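# Chains, contacts and geometry: an overview
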Amino acid sequence: MESLASVHDRQYLQVNAGQAVWGHPHVIERILDRFLTQFFLKELTERKSDGHCPLEKIFEAYKKRPLSMGLRIKYFLPILFIDLLRRLACAQRNFIVQEVFGYPPRTRALVNTARSIGTYGLSRPQIFFSPLMVVWNFTQACNLKCKHCYQNAGKTLPDELTLREQLEVVEQLVDLDGAILALSGGEPLISPNLLPVVRKAHEGGMYVTIATNGTLLTKEMAKKLVDHGVEYVEISLDSVNPEKHNSFRGVDCWARVVEGIKSAVAEEKLKVGIATTITRMNIGELEDLIDLAKELGVKCFNAFNFIPTGRGKEIIEQDISPEEREEMLQILWRHLQEEKIEIMSTAPQLGRACLMYSVPQGVFATGHAGQGAGEGARTIAKYVGGCGAGRCYCAIEPNGIVTPCVYIPLPMGDLRKEKLIDIWQGSELCRVLRNRGYLAHHCGFCDYRDYCGGCRARAYGYFGDLTEADPGCIHNREKWERLKGGQHEDPFDPAWFRSGVGVSAHRLGGTPGVGDGRVISSGKRA
Ligand code: SF4
Ligand code: SF4
């Protein structure tokens, strides 16, 4: 029988023919866009001497039933305001109390978002006061030799952060209302420091996740991870075919990885995902990979974009074409609508594909905020969707160097010398990444720019310019064709100027780190 999603897909693709699902601004957007709202959000999210801000206390008071007369008088207006927003979002009080105010990572994300709107206003994309999510390449050590490894992992670096330094970094993340800490590598399970760091982040109220190659994920290890506070573990699997996976990973490990997935799935409190970097080698088996994930009882499938960085540069011919990526997006979109397994992707174009193909009540990918259905999710996607590098997310290298994304090898600062908040707020790289008006080619004027913005790591990997087009998108097909033909844009070519591609340097005007006028060679402040 044809699945509902494919009927839906066929009909909607024909009817919609690539038109975006636009709507009027949601009433919550209008409220948040007011000066007065922003003034109060700023006031309510300012930390007091006890380390807490008034908004956290209001959330606590909201959870209490019955509310004492004193608290009722003290927080009368804020509680009325929360109730108004809750009704406008069509959310039940119980849901807000248990799933939002009763779950620390969501409360922290809300406080961080409120502080960001109070400080910078409501902006598209939303600029964040401090990173909502951090991916930490915890160690350079790895027991595999994967061909596409962005980190070029192998041996431990001589200057990796010590446990004391790592715990100090966690303290900073907790103080900054970071909501998600994703520990990656190398292979994080190799590090003896992993579990104490996990525990501290979890106790601080963060959602802690681990990205692993799965080979060391025994039942005992899965239990230890849960006991220390890991809520989600994501395991890399490149193929349903053991030989293909092993050849990509450089070691005979497919069976061990599948065992690792089963061990993790057996831990009830652990959410498990499979991550696959989509290349020409495995794009034909995307459906099979998702089926295998479902068979194994995995809750989430994450399709990683290929990025030509680290060892990935050596297999650049494995990158898929814009048309193949569009097919990948359509498959992912279909599974998103079916909702039998959670679908995520590091391809920011998934946000665009959802708008193009979904009916207004459909499921939308909202980037770092996950997925959801209908107008609410679409509205969230408008502000937090697409590429989050240097805007709501950043990465930390094993030695404490901060970069905008694990795939962008440009330093923003060094945690051994500076506080994360100073690096985040002072970085010129971030200033560029937070303004999609700088983007070149179709990414610069795309109807879907707010929801996508293109992968800035792919732009940098291919052109050495963070503001360039993402050549993996069907709207930038011309760029892909030129790359394939070995052509490089000539900034003095009038056709190139006419297409608007060459203006990024002028738009950036005087940004330190803009090397030869096009290439951002370093993110270090002058
Ligand atoms: S650059 Fe942006 S879209 Fe690309 S992987 Fe990093 S965060 Fe994701
Ligand atoms: S042109 Fe750029 S912003 Fe638009 S959908 Fe494609 S990658 Fe995203």
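Parameters at a glance
Residues numbered from 1 in each chain as written. Chains lettered and ligands numbered in written order. Predicted model: local features only at pLDDT ≥ 70, side-chain atom pairs only at ≥ 80, totals over all residues. Helix = DSSP H or I, 4+ residues; strand = E, 2+ residues; numbered from the N terminus. Buried ≥ 20, exposed ≤ 12 C-beta atoms within 10 Å, placed from the backbone. Contact = placed C-beta atoms within 7 Å. Near = placed C-beta within 6 Å. Nonpolar A, V, L, I, M, F, W, Y, C, P; charged D, E, K, R; others polar. Pairing = 2+ DSSP bridges. Right-handed = clockwise from strand over helix to strand, strands pointing away. Expected span 1.5 Å × (residues − 1). Axes fitted to C-alpha atoms, helices over the stretch in contact; angles between N-to-C directions. Core = buried A, V, L, I, M, F, W, Y, C linked by C-beta atoms within 7 Å. Parallel < 35°, antiparallel > 145°, perpendicular 65-115°, else oblique. Left-handed = near helix turned anticlockwise from the far one by under 90°. pLDDT = per-residue confidence, 0-100.

### A closer look at the overall build of the protein
Of regular secondary structure, the protein possesses 24 helices and 12 strands. Among the 526 residues that make up the protein, the fraction classed as buried is 48%. Long-range pairs, those at least 24 residues apart, make up 67% of the contacts in the protein between residues at least 6 apart in sequence.

### Some points on the site of ligand 2
Around ligand 2 lies a shell of 14 residues, among which Cys 443, Cys 446, Cys 452, Gly 454 and Cys 473 are the nearest. For the shell around ligand 2, a count of residues per class yields 5 nonpolar, 6 polar and 3 charged.

### Details of the pairing of strand E5 (residues 271-277)
When you tally the buried positions in E5, you get 6 out of 7 residues, the bulk of the element. Across 5 bridges, the pairing between strand E4 (residues 230-236) and E5 is parallel. When the bridges of E5 are listed, Glu 234 appears paired with Gly 273. In this fold, the crossover linking E5 to strand E6 (residues 300-304) by way of helix H14 (residues 286-295) has right-handed handedness.

### Some thoughts on helix H13 (residues 254-266)
Residues separated by three or four positions in an α-helix point in the same direction, a consequence of the helix having 3.6 residues per turn. Over its 13 residues, H13 extends 19 Å from the first C-alpha to the last, a length consistent with the 18 Å expected when each residue adds 1.5 Å. Summarising the contacts, the buried residues of H13 are in contact with helix H11 (219-228), E4, helix H12 (242-249) and E5.

### Section: the sheet that holds strand E1 (residues 133-137)
Taken in spatial order, the 10 strands line up as E7-E6-E5-E4-E3-E2-E1-E10-E11-E12 in an open sheet, and their pairing is mixed. Of all strands in the sheet, those with a lone pairing partner are strand E7 (342-345) and strand E12 (413-414), marking the two edges. Across 5 bridges, E5 lies against E6 in parallel orientation. Counterpart to Gly 273 in the pairing with E6 is Cys 300. Of the strands in this sheet, strand E2 (180-184), strand E3 (207-212) and E4 are in contact with helix H10 (residues 194-203), which crosses E3 at around 150 degrees.

### Examining the nonpolar core
With 123 residues, the main nonpolar core has Val 134, Leu 181, Ile 235 and Cys 354 as its most contacted residues. The biggest single contributor to this core is helix H16 (residues 349-357), with 6 residues. Each residue touching Val 134, except ones within four places of it in the same chain, is listed here: Leu 173, Gly 178, Leu 181, Tyr 393, Cys 394 and Ile 396. Core analysis: the next-biggest nonpolar cluster, separate from the first, contains 11 residues, Leu 41, Leu 55, Ile 117 and Leu 122 among them.

### What about the site of ligand 1?
Within the structure, ligand 1 sits among Thr 346, Pro 348, Cys 387, Gly 388, Ala 389, Tyr 393, Cys 405, Tyr 407, Ile 408, Cys 455, Arg 456 and Ala 457. Looking at the shell around ligand 1 residue by residue, the classes come out as 9 nonpolar, 2 polar and 1 charged.

### A short note on the packing of helix H9 (residues 163-175) against H10
Between H9 and H10, the shortest axis-to-axis distance is 9 Å and the interhelical angle comes to 20 degrees. Here H9 is positioned roughly parallel relative to H10, judged by the angle of their axes. Judged by the twist between their axes, the crossing of H9 over H10 is right-handed. Contacts from Leu 163, Gln 166, Leu 167, Val 170 and Leu 173 of H9 reach H10 at Pro 196, Val 197, Lys 200 and Ala 201. A breakdown of the residues in the contact of H9 with H10 according to their chemical character gives 7 nonpolar, 1 polar and 1 charged.

### What to know about the packing of helix H4 (residues 54-63) against helix H6 (residues 76-88)
Viewed as axis vectors pointing N to C, H4 and H6 meet at an angle of 75 degrees, and their least axial separation amounts to 10 Å. By the angle between their axes, H4 is roughly perpendicular relative to H6. For the pair formed by H4 and H6, the contact residues are Ile 58, Ala 61 and Tyr 62 on the first element and Pro 78, Ile 79 and Ile 82 on the second. Along the lines of polarity and charge, the residues of the contact of H4 with H6 split into 6 nonpolar, no polar and no charged.

### A word on the environment of Lys 223
Residue placement: Lys 223 occurs in helix H11. When the C-alpha positions of Lys 223 and Glu 267 are compared, they lie 6.6 Å apart, and in sequence the two are 44 residues distant.

### Re the confidence of the model for the protein
Interpretation of this model should avoid reading the predicted coordinates in detail wherever pLDDT is low. Within the protein, residue pLDDT values average 86, and 88% of them lie at 70 or more. Counting interchain partners and residues more than four positions distant, the pLDDT-below-50 stretch residues 1-21 has 23 contacts. Scored below 50 in pLDDT, residues 490-526 shows 57 contacts in the model against residues more than four places distant or in partner chains.

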